[in-house]
Amino acid sequence: MKSICIIFNKVPYGSQSSRELLDIALMAAAFDMPIKALFIEQGVLQLINKQQPEVLDIKNHSATFKALELYGIEEIYVDANALNNYQLTHDDLMPIAELIDNNAISEHIQQSDFVLML
Amino acid sequence: MKSLFILNNPTKLDACLNAMSTQDGLLLIEDAVIATHHSGLSCVTYALEEDLIARGLSQLVKQHLVNSNIKIIDYTQFVELTLQYDKTVSWL
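None of the values given here were measured: they were computed from a predicted structure.

Reading guide: rules and limits
- Residues numbered from 1 in each chain as written.
- Chains lettered and ligands numbered in written order.
- Predicted model: local features only at pLDDT ≥ 70, side-chain atom pairs only at ≥ 80, totals over all residues.
- Heavy atoms only, no water.
- Phe/Tyr/Trp six-rings, centres within 6.5 Å; stacked < 30°, edge-to-face > 60°.
- Helix = DSSP H or I, 4+ residues; strand = E, 2+ residues; numbered from the N terminus.
- Buried < 20%, exposed > 50% of the residue type's maximum accessible area, 1.4 Å probe, protein only.
- Lys NZ or Arg CZ within 6 Å of the ring centre and 35° of its normal.
- Pairing = 2+ DSSP bridges.
- Axes fitted to C-alpha atoms, helices over the stretch in contact; angles between N-to-C directions.
- Contact = heavy atoms within 4.5 Å.
- Right-handed = clockwise from strand over helix to strand, strands pointing away.

The description of an aromatic ring pair uses the distance of the two centres, along with the angle that the planes make with each other. Evaluated as defined, the whole model comprises 5 aromatic pairs over all chains. Here the aromatic rings of Phe39(A) and Phe65(A) are separated by 5.4 Å at their centres, their planes lie at 70°, and the arrangement is edge-to-face. In this pair, Phe39(A) is assigned in strand E2 (residues 35-39) and Phe65(A) in helix H2 (residues 62-70), connecting sequence segments 26 residues apart. This pair shows no difference in class: Phe39(A) is buried, exactly as Phe65(A) is. In this structure an aromatic cluster arises from ring pairing among Phe8(A), Phe39(A) and Phe65(A). Across the ring face of Tyr85(B), the terminal group of Lys2(B) is positioned such that the distance to the ring centre comes to 4.8 Å.

Next up, the structure:
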């Protein structure tokens, strides 16, 4: 079964890209595809804990991130370097992602059969 | 696995280079063709000719390329290029 690496690199709610990537991840999981989710660059902000998009009448999709594990997606990584750039720590995030460095990011991309960004 | 990274947005060049491995290639298309002068292009790099011509940049970029490893390719070569790599990564 081909493996897929889904990369989140955008700030939440400015576009539909992360919602769509999440849907793709859940669908791929339903087909038992090996999946990795990488949060890099501005995408690390997707994992910030206290999101309240309701004030913009936007559905809060951050809850769906917690569903990733329910769907058996355990390989969830967040770019430690990017976190530092935004003065964020692991505690500011939803507790679902493992901190990784830059080399690990290119390795995960290199090992996956498909790499998808939106 | 060798990957061909395809970039169409020059502002994301550094992030893209960061994610690449040594054996990967980079293809600059659309607006990213202006990034040919970027100093960090140590990897195998290509630029799409049609996008250069469309933007009237062919002459300017050819001057940049005098002493650089960047190769200008057309659409047909673009297709052949994708066959030389195990996968493509469209950096968006």
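The next thing to look at is the sheet that holds strand E3 (residues 75-79) of chain A. All names here are of chain A. Ordered by their spatial adjacency, 5 strands build an open sheet running E4-E3-E2-E1-E5, and the pairing between neighbours is parallel. Edge positions in the sheet fall to strand E4 (98-100) and strand E5 (114-116), since each of these pairs with one other strand and no more. Between one strand axis and the next, the sheet turns by 25° as a mean value, whatever way the strands run. Relative to E4, E3 runs parallel, the two being bridged by 3 bridges. By the bridge assignment for E4, tyrosine 77 is matched with glutamate 98. Along the sheet, helix H1 (residues 17-30) contacts strand E1 (4-8), E2 and E5; its crossing angle with E1, the most-contacted strand, is approximately 160°. Docked against the sheet, helix H4 (residues 102-111) engages E1, E2, E3, E4 and E5, running at close to 145° with respect to E2.

So, about the environment of Asn84(A). Residues and elements named next belong to chain A. Within the secondary structure, asparagine 84 sits in helix H3 (residues 80-85). In this structure asparagine 84 comes out as exposed when scored by relative accessible area, which is 52%. Sequence-wise, asparagine 84 and leucine 99 are 15 residues apart; in three dimensions their C-alpha atoms are separated by 11 Å.

Our focus in this paragraph is the pairing of strand E1 (residues 3-7) of chain B. Walk down a regular strand and you will see the side chains alternate between the two sheet faces. Residue and element names in this part refer to chain B. Taking burial as the measure, the 5 residues of E1 include 5 buried ones, the bulk of the element. Side chains of E1 alternate between two faces, with Ser3, Phe5 and Leu7 and Leu4 and Ile6 buried alike. Examined bridge by bridge, E1 and strand E5 (residues 87-91) share 5 bridges and lie parallel to one another. Its bridge partner lying in E5, isoleucine 6 is registered against serine 90. Relative to strand E2 (residues 25-28), E1 is paired through 4 bridges, and the arrangement is parallel. In the sheet register, leucine 4 faces E2, and the bridge partner there is glycine 25. As for the winding sense of the linkage, the β-α-β connection from E1 through helix H1 (residues 13-19) to E2 is right-handed.

Read these as geometric descriptors, not functional statements.
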